[in-house]
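Reading the structure
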Amino acid sequence: MSSRVPGHGSLVNSSNPVKFKFNGKELKGFQGDTLASALLANNQVLIGRSFKYHRPRGFVASGVEEPNGLFGLGEGNSFEPNARATTTELFDGLVSCSQNHWPSLEFDIGYVNNYLSSLLPAGFYYKTFMHPRPAWKYIFEPIIRKSAGLGKPTKGKDPDKYEHFYAYVDVLVVGGGISGLYSAKIAAKSGARVLLIEQTPHFGGQASVDKPLIDQGPITKLMAKLINELQGMNNVTIRARTVGVGVYDHGYSLAYERLIDHESNLSGPRHRLWKIRAKQIITATGAIERPLSFANNDVPGVMLASAVRNYLTNYGVSIGDRTVVVTNNDDAYRTAISLRNSGLSVPLIIDSRPNGAGELAKTARDLGIRIENGKAVSIVHGKDRVKGISLCDQVGSGTVLEEISCDAVAMSGGWSPVVNLWSHCGGKLSWDNELSAFRPKTEFPPTGVNGQGCLSVVGSANGDLLIDDLLRVTHEVTVRVIKELGLKTNEKPLSATKEIKENLISAVWKMPYGASTKLKSKTWLDFQNDVKVIDVELAAQEGFESVEHAKRYTTLGMATDQGKLSNINGLAILSESLHKDIPSVGTTTFRPPYTPISMGSIAGEARGELFQPIRKTPMHDWHDKHGAEWEPVGQWLRPFCYVEGVESVEQAVSREVMACRNKVGVLDASTLGKIMVRGKDSGKFLDMIYTNLMSNLKPGKCRYGLICSENGFLIDDGVVARIDENSYICHTTSGGAENIYSMMEEWLQTEWWDFEVYVTNVTEQFSQITVVGGNARRVLDKLGFVKIDSDSLPFMGWVDEKVLGVCVRVYRISFSGELSFEISVPSNKGLYLWDEILLSGQEFGITPYGTEALHVMRAEKGFIMIGDETDGTVIPQDLGLDWALSKKKDDYIGKRAHQRSNMSNPERWKLVGLESTDGSVIPEGAYAIGLGENEVGQKVTIGRVTSTYYSPSLKKGIALGLVAHGPDRLGEIIQFPTLTNSIVEAKIVSPVFYDPDGLKQNV
Amino acid sequence: MLLLNCPYCNLSCEETEFLAGGQAHIKRQSIDSSDQEFESYLFARKNPKGVHIERWQHLYGCGKWFHVARSTVTLEIFGSYSAQTLSPPKKIRANINKKLPEWHWENSK
Amino acid sequence: MKRYSSFAIVREAFRNHSGWKRAWASPIPKKKYDVVIVGAGGHGLATAYYLGKNHGITNVAVLEKGWLGGGNTGRNTTIIRSNYLQDPSAAIYEKSRSLYEHLSQDLNYNLMFSPRGVMMLAQTEHEVRGYKRTAMANALQGVPTEYISPEKVKDLCPIINLSGPRYPVLGALWQARGGTARHDAVAWGYARKCSEMGMHILQQKEVTSIISKNGKIGGVGTNSGDILCDKLCIVVAGHSGALAEMGGFRLPLESVALQALVSEPIKPVMDVVVMANTVHGYMSQSDKGEMVIGGGADGYNNYTQRGSFQHIEETVRSLIETFPMVSRLKMLRQWGGIVDMTGDRSPIISKTPLENCFINCGWGTGGFKAIPGSGWATAEMIANGEAGPLASPFSLNRFKEGRFIDESVAAGVAH
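Values in this document were obtained by computation on a predicted structure and should not be read as measured data.

This paragraph deals with the domain arrangement of chain C. Residue and element names in this part refer to chain C. Considered domain by domain, chain C is made up of domain 1 (28-78 + 183-252 + 344-409) and domain 2 (116-178 + 255-342). Tallying the contact residues gives 21 residues for domain 1 and 18 residues for domain 2. Across the interface of domain 1 and domain 2, roughly 1,500 Å² is buried in total on both sides, 50% from carbon and sulfur atoms. The interface formed by domain 1 and domain 2 contains 0 salt bridges. Connecting domain 1 to domain 2 are 9 residue pairs in polar contact (both at pLDDT 80 or more). Grouping the amino acids of the side of domain 1 that touches domain 2 by side-chain chemistry returns 7 nonpolar, 10 polar and 4 charged.

Time to look at the side chain of Lys 520 of chain A. Residues and elements named next belong to chain A. Turning to its location among the elements, Lys 520 is positioned in helix α13 (residues 517-520). Residue classification places Lys 520 among the buried residues on the basis of a relative accessible area of 12%. A distance of 3.0 Å separates the side chain of Lys 520 from the side chain of Glu 537, its partner in a polar contact. Aside from chain neighbours lying at most four places away, what touches Lys 520 is Lys 510, Ala 515, Lys 532, Val 533, Ile 534 and Glu 537.

To continue, consider the pattern of salt bridges. Across all of its chains, the model carries 90 salt bridges over all chains by this definition. For Glu 229 of chain A, the salt bridge is made with Lys 189 of chain A, and the minimal N-O distance between the two is 3.6 Å. Remark: Lys 189 of chain A occurs in helix α5 (residues 178-189) and Glu 229 of chain A occurs in helix α7 (residues 219-231); sequence separation between them is 40 residues. Of the charged contacts in the structure, one is a salt bridge between Glu 14 of chain B and Arg 277 of chain A, with a shortest N-O distance of 2.6 Å. Residue Glu 14 of chain B is found in strand β2 (residues 11-14), and its partner Arg 277 of chain A is found in strand β14 (residues 271-283); the two belong to separate chains. Since its relative accessible area comes to 7%, Arg 277 of chain A is described here as buried.

So, about the interface of chain B and chain C. Size of an interface, as often reported, equals the accessible area lost when the parts are brought together. Listed as interface residues are 22 residues of chain B and, on the opposing side, 22 residues of chain C. Summed over both partners, the interface of chain B with chain C comes to about 2,000 Å²; 53% of that surface belongs to carbon and sulfur atoms. Taken together, the links from chain B to chain C amount to 0 salt bridges. Taken together, the connections running from chain B to chain C amount to 10 residue pairs in polar contact (both at pLDDT 80 or more). Those elements giving two or more residues to the side of chain B that touches chain C turn out to be α1 (35-43) and β4 (51-57) of chain B.

Residues and elements named next belong to chain C. In this model helix α2 (residues 42-55) runs 19 Å from its N-terminal to its C-terminal C-alpha over 14 residues, within 8% of the 20 Å that 1.5 Å per residue would give. Extensive coverage of α2 is indicated by the burial of 11 of its 14 residues. Once α2 finishes, Gly 56 follows within two positions and takes phi at roughly 65 degrees, a positive value.

In this section: the domain arrangement of chain A. With domains assigned, chain A is organised as domain 1 (1-157), domain 2 (162-287 + 417-484), domain 3 (291-413), domain 4 (523-585), domain 5 (674-764) and domain 6 (901-1003). Computed from C-alpha coordinates alone, the two centres of domain 2 of chain A and domain 6 of chain A are separated by 67 Å.

So, how was this worked out
- Residues numbered from 1 in each chain as written.
- Chains lettered and ligands numbered in written order.
- Predicted model: local features only at pLDDT ≥ 70, side-chain atom pairs only at ≥ 80, totals over all residues.
- Heavy atoms only, no water.
- Domains from an automatic or database assignment.
- Contact = heavy atoms within 4.5 Å.
- Buried area = accessible area lost by both parts, 1.4 Å probe.
- Salt bridge = Lys/Arg side-chain N within 4 Å of Asp/Glu carboxyl O.
- Polar contact = N/O pair within 3.5 Å; in protein donor to acceptor, adjacent residues only side chain to side chain.
- Nonpolar A, V, L, I, M, F, W, Y, C, P; charged D, E, K, R; others polar.
- Helix = DSSP H or I, 4+ residues; strand = E, 2+ residues; numbered from the N terminus.
- Buried < 20%, exposed > 50% of the residue type's maximum accessible area, 1.4 Å probe, protein only.
- Expected span 1.5 Å × (residues − 1).

Right, here's the structure in full:
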């Protein structure tokens, strides 16, 4: 059984016990435990179920590479699925539950899949579940979906907060083991600004467990000194619980800090996403031990040798009382020695190498541990827990030589450098035969903005597993990096000349070498996704020869550990099956993040109200207080209408329209785009931007203009006012202001840079208030406007006034067909003038109106609306706006495009008015049908509705639409099918429904 | 996430401050162009696996448009320069040729 | 080739699955083929398949510089829908969708086409109008869709937050027979059938030149010798520009990176596919339990199959607004693909200036859903020498004539 070992555990505080819950049971651990070590201390060896066969699963590892130990954490809206217990710090009151089983962890019905496993080989689902056809959707898929998935879903709104940090440093060091600490210190001493991050709560990494001998005294002491020094330096920032998750183009790096997950009572943001720009990145991300592939290597109790050692040394937890060690390298001997030294029994070290290990073998023998060289594990016995193993020769097919009883197996297949960050952004790898692993190919690093390498790797992440190499190369690399930054260092290298001599690893990808199919069908590569050796072999047999094919066909490495343990082993099996060497088969692509990061941290602070910026006019709060129904227009919020009392939205809109038509209305038009164009070539410039002639506009006058894209399509419209010889104000649509401004800048800067023109977007600098209706002039008269009579200010003119001490500009333009004044006022006076106008207008029945009334009135007048009548495929000619296309100009943007054959095609649909024969409102978006079907069986259409409203002025439905030959077909009836299979008949009429002679706006 | 240098601000800034504007040095075709020329002007964009000379705007900075020479394969940036030029300046070309001796502005037109 | 079935699996189980044959052969190339297709992605393989199935042309080679299905076919978010606005798009995507319905049976390969329904959320008045219009258009195009209320949205997808706060859900365009399929399986299923028909799929064969004489196609040069053909079709998505250059013509294409991500797997919470175009995010849950999330495209030309992180950030942010439960899930993996965008964001299925050289490209962000229909239409064009009714609107000429097929006009532009 697994249990606590007294007197051990450098990271736990045994005088500080904490209580936690697992599957409803209350258990005890110590402060400093991980959830994994605490469960093991409570002899909870069975901790989960695998994805496909629901096999019993125990912990395999002690860090981020753990594939099995995934739990649900917390409760309610704070619940988090798939939390890795090996990186979850224990705290008092922690609530955890195991996943992916029914009805219970100990008895899982899904385990039946295990007995059917021969029917469920790799990719079996591609070969079956096809008949009868509907069965996939209604029977097979729901069953598969239900049994797949791991954790329970999260629920509702996340109560926690998240934030982003932006860091700019000279050197980012990822990893706080010996090489990371050492590298950070060299860099910091040279004066570089350094950010050092470590994924666990503790610095020191594997060296603090193994304590290798170095010439400068005990390594733990040295590391403590390094940490101390670094903490005392102003140019150094250190963060624990912060993992480097991704390196992106031009060296942009992401780190993920967990701030409050490790305690029950911490407040503040839960996670912090660091966005780091470092001039140079040094990764010291360590190496991950590989499992060995022998039969039943997935039984709970089989664990990585380093993990067994870590649990013992760091947490004082033994995995078993009798642990068999199986290895192909010297490192696992350390586990055997540690166990033995703690008084635990190690019946046997099985070393697959015929000549066994170096100096460590002697130490082990001296402790009385039996060692068998050239041997292997044939099979592990036990179902929910290791009971023993069968010993066999490594060569051969696994004939049992001896049965050995044990309750734990510590395995080591060698070490794989963590090269994820190196590879995320294009760093190349090379296969190191001596190491039996991929390591960074230093001549092809990931490159930064200038094409030079921006990331270097030190420590075991670089494949330097021996301490002397590690120290030397870390020094060498860091000094080089420092020099590249233009800094200096005189730091002397550390060394380890008395280091323990080790024998070379000998790659073992299958144990035993000639394992029978029976054994291979029980030999796991990917523990979480249930991928076995035979699955990869089957993939190769069926022609899935590319590593990407094999991965996707078998799902190897696609689990939540992203193949940290399984990729290399799987790759080796694949290359063996293909009779190729490993480098020529290659690896799958490493993608961020290195470990999963919360979606909350990615979103950061921008949620709820802060999700996207909201643009508000100065009158926003007034609207809010007066019943505004909001409508988003770009980033703006505009009142759709103002609902009074119990009336409906429709009633409000009608009321607003009728007020404008009969009395007076007022609109907040501040969102309207306003672009100031100045300079001696302004006229020439606007002649190119607009389809109309603008250079001959007289100061004091306004003109309605159209803007097309170079591709000919109508993209914006609005009124242009000439202010003086050299300046214009161009009004754009509310949504279009930024685009049109940007477009003007682009033309000016990239094409017509010889024009002397300056454009400024003054949309937010001025509020605009539209006063509309027969009483409009009276309202303004009363306020003291003096130049607004029809002689001083005729239609399509403008004047400047000073009213109530405020400078305003009044445009006499109309989008409603009524007498209308648009008053432009500096934004800080917008609300003041708005209030005054309302006050003044009270006796004239003034009514604020919203965007919908605006739209209804413009439709009644047959005015087009960008975004309704246009959709990016409509040209001015379609809308009967040929008059706005100047014939006097040689050129303007879009003119050449209009000459293309399809633009002058007489079959293009043209703008008309539409009235249903029964007075109803034609449904939005309806299409008019012609005769029959086209050659692909679609009904022929001859037109469509672009805007459709109930007109309160005319007491009937009105619509604008585009119809083939429409203007030539006035009076004809066409048919609009609805979605309920009925037909609405509509008469083609003039698009101007209301006051066709324009008498009302011209008073 | 690219780092771009705005030649007007002389600042190296995150890509998120900028707006990408596609291929640079496009000669506007207008009224007197043929259908073929006009189509090419609007749509026939260079799409090289290699050096791309492109327009960017320092949208959330000075607002200026400028040109950048960038590799679409390694994303290396060879330099940025004024948009008010008809071809990449000598210095930029030399920078590119240091890495890619075969590359000629004329060929890439 | 052996039929795939439950019986076959049981039979093989008794002999440790030793009897399964290669899914596709690895043949020795011939000197000459009737048709050479460059690019063994979904579109290229589907083209080959329908050349054989519909037109009896089987002396075909499909050349692939990497591994079949290794490009965008294997790195998309697997959404299948046909609720497009414009007639030509609706026609080809609906053809495609309807072929997907029977494709598993047709190919004897379970592609896991799952018509779980696709909804596109309307979150502004503008989108409401756009989607109502699309529903109207779809009804006449023979594409069954409906415009549904927020209540129905919530019924179909209980994890949606209807109320905003910024962009409340006002309704949705719903296509009940849209859904997802297993992307890799589409390529593998077609490849297996093509191989069965005797076609040659030649992997790791990179085309280095295009051989032509007097403006007529002759074949291609590859990294291992010339291969001659009567007809050539280029189906290489983001790499089309480079191939076109070898043929001496230019395409209105730009290649940009498009990104996607998946969460860790959880038990089923979401049966339908949801697209929210106002906030640029879309999400579905795979059969494995991962939430599959699509993000935005970069604005600059890029061949790196990586993208800039801010798009991931924007997408996740948006999804948390619409699906608050996403916040406590974790991102497992993100990746990028290179998509080829045309001037009007619609594809090109066309003859080229080179006689008997055809092109199929420009699917942008929406290629996966089009694979069967695109293959069908392209095969028809190659066999007859002229585009049929499905393909003809997508000819290269449209850019010269100003006859665009612009789908961005309804609110939805994402795929």
